[in-house]
Amino acid sequence: RKEVEQDPGPFNVPEGATVAFNCTYSNSASQSFFWYRQDCRKEPKLLMSVYSSGNEDGRFTAQLNRASQYISLLIRDSKLSDSATYLCVKEDDYKLSFGAGTTVTVRA
Amino acid sequence: EPEVTQTPSHQVTQMGQEVILRCVPISNHLYFYWYRQILGQKVEFLVSFYNNEISEKSEIFDDQFSVERPDGSNFTLKIRSTKLEDSAMYFCASSEGSTGYTFGSGTRLTVV
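Residues numbered from 1 in each chain as written. Chains lettered and ligands numbered in written order. Predicted model: local features only at pLDDT ≥ 70, side-chain atom pairs only at ≥ 80, totals over all residues. Heavy atoms only, no water.

**A short note on the overall build of chain A**
The secondary structure content of chain A amounts to zero helices and eleven strands. Here chain A has a C-alpha radius of gyration of 13 Å; the compact-globule value for 108 residues is 13 Å, and the two agree. Relative to its full complement of 108 residues, chain A shows a buried share of 46%. Counting contacts in chain A only where the partners sit at least 6 residues apart, residues at least 24 apart contribute 55% of the total. Put simply, chain A shows about 5,200 Å² of open surface, and 47% of that area lies on carbon and sulfur atoms. Between the averaged position of the 13 positive side-chain charges in chain A and that of its 13 negative side-chain charges there is a distance of 3 Å. (Helix = DSSP H or I, 4+ residues; strand = E, 2+ residues; numbered from the N terminus. Rg over C-alpha atoms; globule rule 2.2 N^0.38 Å. Buried < 20%, exposed > 50% of the residue type's maximum accessible area, 1.4 Å probe, protein only. Contact = heavy atoms within 4.5 Å. Areas by Shrake-Rupley, 256 points an atom, 1.4 Å probe, with all protein chains shown as cover. Lys, Arg positive; Asp, Glu negative; His and termini not counted. Charge placed at Lys NZ, Arg CZ, Asp CG, Glu CD.)

And the structure:
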């Protein structure tokens, strides 16, 4: 089983829409989780950390469900600039494990 | 904002040649990493480096790979005898601890 699995999408949404997607992870002992954003052929950039209590950063909401071992990301009021690949990432012992990414395209 | 600097941005090399990819991590960071991303695939961990030694390496990081911190600022990845399948984007990253990773903009390695 892959360490981190994501729905690859693509999610094609109009501007202003809400889009949400999940990822699942295999190691129940993993403690730290993140969402990264990657634009085409660029480096991954941290979008936000993910906490069990759920956390929000502007239009972005992340949630961690340890019992079911999944992480979610919700984007409200989508902007054209949100078009990117979103990477679900977990950290174990100073090693990041990346999912393959979920592609989101926001259209005008 | 501090950044991780990688050079060159693109390297083309012949199969069997040695390449050295260079990185300058953020100055007060203590942990250094190399990751790679083959085109169309996920980002994969190669190696982590702390206190002047390798702390962990993946199965990908075989005897053909080595890392070095030759001075107080640079962190290098050497591939001794490149293969076609080494073609990928190589990202250097650094962190203060187990969070706060910053990635460099990457070196695209093309082996021909």
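Next comes the rest of the write-up.
**Let's talk about the environment of Pro14 of chain A**
All names here are of chain A. With respect to the helices and strands, Pro14 occurs in strand E2 (residues 11–14). Taking C-alpha positions, Pro14 is 26 Å from Gly54, a pair spaced 40 residues apart along the chain. With sequence-adjacent residues up to four places away left out, Pro14 is seen in contact with Ser78, Val106 and Arg107.

**Overview of the packing of aromatic side chains**
Summed over all chains, the structure comprises 20 aromatic pairs over all chains. Each ring, one from Tyr25 of chain A and one from Phe33 of chain A, has its centre 4.5 Å from the other, and the planes form 45°; the classification is tilted. Per residue, the accessibility class of Tyr25 of chain A equals that of Phe33 of chain A, and both read buried. Ring geometry for Tyr33 of chain B versus Tyr35 of chain B: centroids 6.3 Å apart, planes at 45°, classification tilted. By the burial criterion, Tyr33 of chain B is buried, and Tyr35 of chain B matches it. Among the aromatic side chains, those forming a connected cluster through ring pairs are Phe34, Tyr36 and Phe98 of chain A together with Tyr33, Tyr35, Phe45, Phe91, Tyr101 and Phe103 of chain B. (Phe/Tyr/Trp six-rings, centres within 6.5 Å; stacked < 30°, edge-to-face > 60°.)

**Section: the nonpolar core**
Residue and element names in this part refer to chain A. The biggest cluster of nonpolar side chains holds 22 residues, and the ones touching the most others in it are Phe21, Trp35, Val50, Ile71, Leu73, Ile75 and Tyr86. Secondary structure elements with two or more residues in this core: strand E3 (19–25), strand E4 (32–38), strand E5 (45–50), strand E7 (60–65), strand E8 (70–75), strand E9 (84–92) and strand E11 (102–107). No other element matches the four residues that E3 contributes to this core. Not counting residues within four places of it along the chain, the set of residues in contact with Ile75 comprises Ala17, Thr18, Val19, Phe21, Arg59, Phe60, Asp82 and Tyr86. (Core = buried A, V, L, I, M, F, W, Y, C linked by side-chain atoms within 4.5 Å.)

**A short note on the side chain of Gln6 of chain A**
All names here are of chain A. With respect to the helices and strands, the residue Gln6 is situated in strand E1 (residues 4–6). Only 2.9 Å separates the side chain of Gln6 from the backbone oxygen of Tyr86, close enough to count as a polar contact. Within the local environment of Gln6, its side chain forms a polar contact with the backbone nitrogen of Gly101, the two atoms lying 3.0 Å apart. For Gln6, the residues in contact, after removing those within four places along its chain, are Asn22, Cys23, Trp35, Tyr86, Leu87, Cys88, Gly99, Ala100, Gly101 and Thr102. (Polar contact = N/O pair within 3.5 Å; in protein donor to acceptor, adjacent residues only side chain to side chain.)

**Notes on the sheet that holds strand E1 (residues 5–7) of chain B**
Residues and elements named next belong to chain B. Spatially, the four strands line up as an open sheet ordered E1-E3-E8-E7, and their pairing is antiparallel. Every other strand in the sheet has two partners, leaving E1 and strand E7 (65–68) as the edge strands with one partner each. The mean angle between the axes of side-by-side strands here comes to 20°, regardless of whether they run parallel or antiparallel. Inspection of the sheet shows E1 paired to strand E3 (residues 19–24) by three bridges, in the antiparallel sense. In the sheet register, Thr7 faces E3, and the bridge partner there is Arg22. (Pairing = 2+ DSSP bridges. Axes fitted to C-alpha atoms, helices over the stretch in contact; angles between N-to-C directions.)

**Here's the deal with the pairing of E11 of chain A**
All names here are of chain A. Covered by surrounding structure in E11 are Thr102, Val104 and Val106 only, the residues Thr103, Thr105 and Arg107 on the alternate face being uncovered. Bridging between E9 and E11 involves three bridges; their strand directions are antiparallel. Within E11, the position partnered with Thr85 by the bridge is Thr103.

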